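Inside the fold
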Amino acid sequence: MSPPQNTDHTELYRSLVDHARYPIDRPQAPRFAEVIRHVREELAVDGCAVLDGFLSEAGVKQLLAECRARRANAYFSPSTKTNVYFSSDDPALPPGHPRRIFMERSNGFITSDLFGTETSARRLYYWPPLTAFVAACLGKRSLYIYDDPVSNMIVNVGVPGSCFNWHFDTNEFTITTLLQAAASGGHFEYVPNLRDAHDEHYDEVKQVLDGDTARVRRLPLRAGDLQLFLGRFSLHRVTENTGATDRLLLIMSFAGKPGMIGSVHRTRELYGKVTAAHIEAERRRVRSDALMD
Ligand SMILES: [Fe+2]
């Protein structure tokens, strides 16, 4: 997929971000190093870091206007029930085991193909300093734009009544920016480091699913805040949107390798469409595994 035209839009990018607090294209600035240090410290403690007011007020306004103009074309897949591991039921386990507890999850997205190259959302996402900044925050030598033309930069639409129940992520990290909070409900909650690479800690997962809130943290997110979250080990959810308006969350995806793209099956399931690029990537994946040529 072709990135936006290579015209110099530096001033536009800078105006979308609160550039005085977050000079993300000036890695030599003392403030840049300060921000990176802050993020890394927070991530090391509990896998979650927030840069409050990352987007400028004008930036939030502009991105929201772009979302609203596309809201009618958002794709909603039928709401599903999943367990915290996104795995299927295992009848060999006793009833009440965390693997056997299935909870509501609703999905709605304004997909990236709906944002043209002229949009600020897309320009910001494709701005190389943003990718480099996220890589520095995560302590990675390099990161790349996720190459999926449908899902690389999407807006999750949390309609009134929707929720995204407790789960662990399969992704190592998630980068999100709230564009519009729910008028009530729609809170991001998490239990830091509930499991680790060696132990699922089923008993503790079960306690949370049964309603124990002792270790649950709620993030007071506001529109424009950038959140970096390591969700592999921290159980998390978005509570029900009990307000009358949408909760809108911009999700920008990055990959450790260039050219990464989602599978045909998963992309169609979540976003209701695939492109020729998905089909071509699938064909290549199959061919790379075949031994006949
Ligand atoms: Fe998640």
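Everything here concerns the structure above.
Residues numbered from 1 in each chain as written. Predicted model: local features only at pLDDT ≥ 70, side-chain atom pairs only at ≥ 80, totals over all residues. Heavy atoms only, no water.

A separate point is the overall build of the chain. Scanning the chain from terminus to terminus reveals 8 helices and 13 strands. Taken over C-alpha atoms, the radius of gyration comes to 19 Å for the chain, in line with the 19 Å a tight globule of 293 residues would show. Counting only C-alpha atoms and orienting by the principal axes, one finds that the chain spans roughly 60 × 55 × 40 Å. Burial statistics for the chain: of 293 residues in total, 49% are counted as buried. A separation of at least 24 residues holds for 82% of the contacts in the chain among residues at least 6 apart in sequence. For the chain, the exposed area adds up to about 14,700 Å²; of that, 52% sits on carbon and sulfur atoms. Charge-centre separation for the chain: the mean point of 35 positive side chains lies 3 Å from the mean point of 36 negative side chains. (Helix = DSSP H or I, 4+ residues; strand = E, 2+ residues; numbered from the N terminus. Rg over C-alpha atoms; globule rule 2.2 N^0.38 Å. Buried < 20%, exposed > 50% of the residue type's maximum accessible area, 1.4 Å probe, protein only. Contact = heavy atoms within 4.5 Å. Areas by Shrake-Rupley, 256 points an atom, 1.4 Å probe, with all protein chains shown as cover. Lys, Arg positive; Asp, Glu negative; His and termini not counted. Charge placed at Lys NZ, Arg CZ, Asp CG, Glu CD.)

Right, let's talk about the side chain of T239 for a bit. Tracing the chain through its elements places T239 in the loop between β11 (235–238) and β12 (247–252). What makes T239 buried here is its relative accessible area of 13%. Within the structure, the side chain of T239 is placed 3.3 Å from the backbone nitrogen of G186, a separation counted as a polar contact. A distance of 2.9 Å separates a polar side-chain atom of T239 from the backbone nitrogen of H187. (Polar contact = N/O pair within 3.5 Å; in protein donor to acceptor, adjacent residues only side chain to side chain.)

In strand β1 (residues 48–51), alternate side chains face the same way, and those of C48 and V50 on one face and A49 and L51 on the other are all buried. Bridge count for β1 against strand β10 (residues 226–229) is 4 bridges, and the pairing is antiparallel. Note that in β10 the partner of L51 across the bridge is L226. (Pairing = 2+ DSSP bridges.)

Within the fold, R195 resides in the loop between β8 (188–191) and α6 (202–209). The residues contacting R195, other than those within four sequence positions of it, are Y85, F168, D169, E200, H201, R232 and F233.

Here we take up helix α5 (residues 128–138). The periodicity of an α-helix, 3.6 residues per turn, causes residues three or four places apart in sequence to face the same way. Burial analysis of α5 places 8 of its 11 residues in the buried class, the great majority of the element. Listing the buried residues of α5 in full gives L130, T131, F133, V134, A135, A136, C137 and L138.

Within this structure, the stated rule accounts for 19 salt bridges. Residue E269 pairs with R266 through a salt bridge whose shortest N-O separation is 3.0 Å. A residue pair is termed a helical-turn pair when its members lie 3 or 4 positions apart in one helix, as E269 and R266 do in helix α7 (residues 264–271) at 3 residues. Taking relative accessible area as the criterion, E269 reaches 42% and is therefore assigned partly exposed. If you follow the salt bridges from partner to partner, you end up with E11, R14 and D25 in one network. (Salt bridge = Lys/Arg side-chain N within 4 Å of Asp/Glu carboxyl O.)

Another aspect to go through is α7. Inspection of α7 places V264, T267, L270 and Y271 among the buried residues, and these make up the whole buried set. Angularly, the buried residues of α7 cover 150 degrees about the axis, an arc narrow enough to put them on a single face. Phi turns positive, to about 75 degrees, at G272, one or two residues after α7. (Arc of directions from axis to C-beta.)

The topology assignment puts S56 in the loop between β1 and α3 (57–70). Overall, S56 belongs to the buried group, its relative accessible area being 14%. The contacts of S56, once residues within four sequence positions are left out, are S15, L16, V17 and D18. For S56, the side chain forms a polar contact with the main-chain nitrogen of G59, separated by 2.9 Å.

Glancing now at the environment of T174. Inspection of the secondary structure assignment puts T174 in strand β7 (residues 174–180). Sequence spacing of T174 and A49 is 125 residues, and the spatial spacing of their C-alpha atoms is 11 Å. If we skip the residues at most four places from it in the chain, T174 touches D169, Q227, L228, F229 and I251. Here the side chain of T174 touches D169 through a polar contact of 3.3 Å, side chain to side chain.

Moving on to the packing of aromatic side chains. Within the structure shown, the criterion is met by 12 aromatic pairs. Ring geometry for Y85 against Y202: centres 6.0 Å apart, planes inclined by 85 degrees, an arrangement best described as edge-to-face. Of this pair, Y85 sits in the loop between β2 (75–82) and β3 (103–110) while Y202 is found in helix α6, placing the two residues 117 residues apart along the sequence. You can call Y85 buried: its relative accessible area is 12%. Three or more aromatic residues joined by ring pairs form one cluster here, namely Y22, F32, F54 and F133. Taking NZ or CZ as reference, R99 lies 4.5 Å from the ring centre of Y85, over its face. The positively charged end of R195 is found above the aromatic ring belonging to F168, 4.0 Å away from the centroid. (Phe/Tyr/Trp six-rings, centres within 6.5 Å; stacked < 30°, edge-to-face > 60°. Lys NZ or Arg CZ within 6 Å of the ring centre and 35° of its normal.)

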